[in-house]
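Residues per chain, in single letters:
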Amino acid sequence: MSTTMNLGKAELMDTAKKAMLTQIPKAQWTDRQKIALTCRALYDAGHDSGLAGQISARGEEPGTFLTQRLGLGFDEITEGNLLLVDEDLNVLDGDGMANPANRFHSWVYRARPDVNCIVHTHPLHVAALSMLEVPLQISQMDMAPLYDDCAFLPDWPGVPVGNEEGEIISAALGDKRAILLAHHGQLVAGSTIEEACSLAHLIERAARLQLLAMAAGDIQPLPPRLAKEAHDWTLTPRRSDANFAYYARKALRSHPDVIENK
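First, a word on what this report is: a plain description of the structure on this page. As the structure is a computational prediction, the values presented were derived from the model and not from experiment.

Examining the overall build of the protein chain
No. 1: Of the regular secondary structure elements, the protein chain holds eight helices and eight strands.
No. 2: In terms of C-alpha radius of gyration, the protein chain reaches 19 Å, essentially the compact-globule figure of 18 Å for 262 residues.
No. 3: Here the C-alpha coordinates of the protein chain stretch approximately 65 × 45 × 35 Å along the principal axes.
No. 4: In the protein chain, which comprises 262 residues, the proportion classed as buried is 45%.
No. 5: In the protein chain, of all internal contacts separated by at least 6 residues, the share reaching a separation of at least 24 is 70%.
No. 6: Per element, the accessible surface of the protein chain, about 13,000 Å² overall, is 54% carbon and sulfur.
No. 7: Positive and negative charge centroids in the protein chain, built from 24 and 34 side chains respectively, lie 8 Å apart.

Put into structure tokens, the structure is as follows:
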């Protein structure tokens, strides 16, 4: 006999959130492994653009972060070829050099103590939308994690290798988890690597949906209260963990070399 059919939505959501804590296991990947898996998963999802784009995560010591080596594509990243760098991009561990464009990561990390992972890429549909100089519009349920959580920088500041670009991008991001950069690409700032990976997948799909919808007619907005409810429901840490685990399994099937000494 049913014991939940008369419960309200809020109570059912709360019950489900508690169940996720015990029923959805958290994979025991290292940060290096999670970054490498994120690179491979996003490569498969169309985020590759030659050598453009960077993924980073805070290091154990303040003012440091892990990132990929300049000269390697996302499909070549392994846990073993990542670099540990400081805010000035000096390499503290690893071989090679970081992408000079990583400089704006340092600015975002300084401005946002809550951010532990940054994903910056130029995927096809995000790049196409960025050419129109219009913000990302979230008007579909699956994209709710980005509702009222994606900023917009309408003016292109040029190649982001200077401190000026770092100041501009970090200021435009504000307290949001993502930003669409006009004539450029996207940036996701996650509290965890799992969250950043999930949102990076979503922002490219959101841009693709928006371009399709704009070609067919006028995009209609979501009801704000329900959109905020969906945003908060879909951004719980355990849901991000589950999303990441799925992307990681897919990446490992296609790229078994990403994890060393398995």
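Next comes the rest of the description.
Structural notes on the side chain of D149
No. 1: Among the structural elements, D149 can be located in the loop between α4 (124-130) and β6 (150-153).
No. 2: On the basis of relative accessibility, which here comes to 5%, the residue D149 falls in the buried class.
No. 3: A distance of 2.7 Å separates polar atoms of two side chains, one belonging to D149 and the other to R177.
No. 4: The residues touching D149, leaving out its near neighbours within four places in the chain, are D175, K176, R177, A178, H231 and L235.

Re a negative patch on the surface
No. 1: Side chains of D44, D48, D75 and E76 sit close together on the surface and give a patch of like negative charge.
No. 2: When you line up the elements, D48 lands in the loop between α2 (31-44) and β1 (54-58).
No. 3: Note on D48: relative accessible area 36%, which makes it partly exposed.

Description of the pairing of strand β3 (residues 83-86)
No. 1: Here strand β2 (residues 64-67) pairs with β3 via four bridges, running antiparallel. Bridge assignment links T64 to a residue of β3, and that residue is D86.
No. 2: Counting the residues in the hairpin turn of β3 and strand β4 (residues 91-93) gives four residues, including L89, whose phi is positive at 70°.

Some details on the nonpolar core
No. 1: Core analysis: the biggest nonpolar cluster contains 44 residues, and I35, L37, V119, L136 and L146 have the highest contact counts within it.
No. 2: Counting only elements with at least two residues in this core, the list comes to α2, β1, β5 (117-121), α4, β7 (178-181), α6 (193-216) and α8 (237-254).
No. 3: Looking at this core, the element that brings in the most residues is α6, giving nine residues.
No. 4: Setting aside chain neighbours within four positions, we find I35 in contact with I55, A57, L66, L82 and I193.
No. 5: Counting 18 residues, the second-largest nonpolar core is a separate cluster that includes V108, I118, L153 and I179.

Details of the packing of aromatic side chains
No. 1: Applying the stated criterion across every chain yields a total of two aromatic pairs.
No. 2: Taking 5.5 Å as the distance between ring centres and 45° as the angle between the ring planes, the aromatic pair formed by F65 and Y109 counts as tilted. Of this pair, F65 sits in strand β2 while Y109 sits in helix α3 (residues 103-111), placing them 44 residues apart in sequence.
No. 3: The class of F65 is buried, set by a relative accessible area of 2%.
No. 4: On the accessibility criterion, Y109 (6% relative accessible area) is buried.
No. 5: Residues Y246 and Y247 carry aromatic rings whose centres are separated by 5.7 Å and whose planes lie at 45° to one another, so their mutual orientation is tilted.
No. 6: The class of Y247 is buried, set by a relative accessible area of 17%.

What counts and what doesn't
- Residue positions are given per chain, counting from 1 as you read along its sequence in written order.
- Only residues with pLDDT of 70 or above have their local features reported here, since the model is predicted, and side-chain atom pairs are shown and tallied only from 80 upward, although totals for entire chains, interfaces and linings are computed over all residues.
- Excluded from the side-chain calculations are hydrogens and water; all other atoms, namely the structure's heavy atoms, are used.
- Elements are defined by DSSP. Helices are runs of H or I of four residues or more, strands are runs of E of two residues or more, and each kind is numbered from the N terminus.
- We compute the radius of gyration from the C-alpha atoms alone; for a globule the expected value is 2.2 Å times N to the 0.38, where N is the number of residues.
- Each residue is placed in one exposure class: buried if its accessible area under a 1.4 Å probe, protein chains only, is under 20% of its type's maximum, exposed if it is over 50%, and partly exposed if it falls in between.
- Residue contacts are counted whenever heavy atoms from the two residues lie within 4.5 Å of one another.
- All accessible-area figures derive from a Shrake-Rupley calculation using a 1.4 Å probe, and residue coverage is judged against the displayed protein chains alone.
- Only four residue types enter the tally: Lys and Arg on the positive side, Asp and Glu on the negative side; His and the chain ends are excluded.
- Charged side chains are reduced to one point each, which is NZ for Lys, CZ for Arg, CG for Asp and CD for Glu.
- For the purposes of these results, a polar contact is taken to be a pair of N or O atoms within 3.5 Å, where, inside protein, one atom must be able to donate a hydrogen and its partner to accept one; residues adjacent in sequence count only when each atom of the pair is a side-chain atom.
- A residue counts toward a patch only above 30% relative accessible area and without a salt bridge, and it is joined to like-charged neighbours within 9 Å or, for Val, Leu, Ile, Met, Phe, Trp and Tyr, to nonpolar neighbours within 5 Å.
- Any carboxyl oxygen of Asp or Glu that lies within 4 Å of a side-chain nitrogen of Lys or Arg is treated as forming a salt bridge with it.
- Here, any two strands with at least 2 DSSP bridges between them count as paired.
- Only buried residues count toward a nonpolar core. Its members are Ala, Val, Leu, Ile, Met, Phe, Trp, Tyr and Cys residues joined through side-chain atoms within 4.5 Å.
- Geometry of aromatic contacts follows a simple scheme: Phe, Tyr and Trp rings, the Trp one being its six-membered ring, pair when their centres are within 6.5 Å, and the pair is stacked under 30 degrees between planes, edge-to-face over 60, tilted otherwise.

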